[in-house]
Amino acid sequence: MTKRNQSWNENKYNRFVKEGRGQGAGKEYKPWLTIQDFPSMGRVSRILGWKSGRVHHLFSDLQARYFYMLEWEDTVVDIREHYPLLDLEDAIQHKSDLNFKLFTDKDSGYPYTLSTNFLITINRADGVNLQLARSIKMASELEKKKTLERLEIERRYWTEKGIDWGVVTQKEISNVLAKNIEWVHSCLYSYAERGFTQDELIYLGNSLIERLVDAKHSIRKITADFDKEFNYDSGTALFVFKFLIASKQIGIDMTNQIDVNLSNPTIEVKSRVTNEEVKRKCL
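These lines cover the structure that appears in this document, whether it is placed above or below. (Residues numbered from 1 in each chain as written. Predicted model: local features only at pLDDT ≥ 70, side-chain atom pairs only at ≥ 80, totals over all residues. Heavy atoms only, no water.)

Considering the pattern of salt bridges
Moving on, step 1. All chains considered together, the criterion is met by 16 salt bridges.
Moving on, step 2. Between Asp126 and Arg124 there is a salt bridge whose closest N-O contact spans 2.7 Å.
Moving on, step 3. Classification of Asp126 as exposed rests on a relative accessible area of 51%.
Moving on, step 4. For Arg124, a relative accessible area of 37% translates into the label partly exposed.
Moving on, step 5. Between Glu152 and Arg155 there is a salt bridge whose closest N-O contact spans 2.8 Å. With Glu152 and Arg155 both in helix H4 (residues 145-161), this residue pair falls 3 residues apart, about one helical turn.
Moving on, step 6. For Arg155, a relative accessible area of 34% corresponds to the partly exposed category.
Moving on, step 7. Connected through salt bridges with shared partners, the residues Arg15, Glu19, Arg21 and Asp37 form a single ionic network. (Salt bridge = Lys/Arg side-chain N within 4 Å of Asp/Glu carboxyl O. Buried < 20%, exposed > 50% of the residue type's maximum accessible area, 1.4 Å probe, protein only. Helix = DSSP H or I, 4+ residues; strand = E, 2+ residues; numbered from the N terminus.)

Examining the sheet that holds strand E3 (residues 76-84)
Across a sheet, strands are paired by hydrogen bonds formed along the backbone, either parallel or antiparallel in direction.
Moving on, step 1. Spatially, the 4 strands line up as an open sheet ordered E3-E4-E5-E6, and their pairing is mixed. At either end of the open sheet lies a strand with only one pairing partner, and these are E3 and strand E6 (164-168). Neighbour-to-neighbour, the strand axes of the sheet open up by a mean angle of 25°, direction not taken into account.
Moving on, step 2. As defined by bridge partners, strand E5 (residues 129-136) adjoins E6 across 5 bridges and the pair is classed as parallel. Bridging from a neighbouring strand, Ser135 pairs with Val167 of E6.
Moving on, step 3. Across the sheet, helix H2 (residues 61-72) is in contact with E3, strand E4 (115-123), E5 and E6; its angle to E4 comes to roughly 10°. (Pairing = 2+ DSSP bridges. Axes fitted to C-alpha atoms, helices over the stretch in contact; angles between N-to-C directions. Contact = heavy atoms within 4.5 Å.)

Here it is, written out as structure tokens:
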């Protein structure tokens, strides 16, 4: 995919604002930056989100892994990536010691619009929504003066807004958990692409759950036998197994790498699959 012109100027800023970037919430939110706008140091991802029902634009593996962890948390109700600090200079009261000139386009001299990687909405136990702002950085980046200057600007901005802000590095992100979530993630919304109706998914899910209760054989064998019994293509039951994990109908230790070849897997059946559950959890 061809990247767009990387220069930054007032015209581009005005276009972004006119497009509604950085505005809205949930499915209507538009990130300030997309993977088409600027190059990334790592792999980029476009992921259809559970919480939002829209495509999220992530610029690195580290951002993607943190995103998957947010998706897994039941208390998280919305995730807005690359949230712009549009009123930055007005919001920060004490800024005389901040070097904003570090963040200007070298050709146009126009200031970049800084953004925070994630603005997260959490629904607390008391029903009140709480917002958290998180910047994602490799630990090695924290040794760079420019990075620290930018983070200090972000910190002061969110402090003025009364919103909890913090930095997340790879040290706080579980690769195993994130990869397990990634493994099952798409199964919440791709069942129709595999030719299943909701009723078929419910039937297959509950039928597979019966075989997973007190399972003695590996997931690989159980799902392979299931496919043969129902005369489905190979891999169908494994897809249903992933769906059961993703929809949290069954519980499995997500902090250890899921091994479908392991005998006597520890699986907790939390609930049977119903129409209500499919409608509530699937996109």
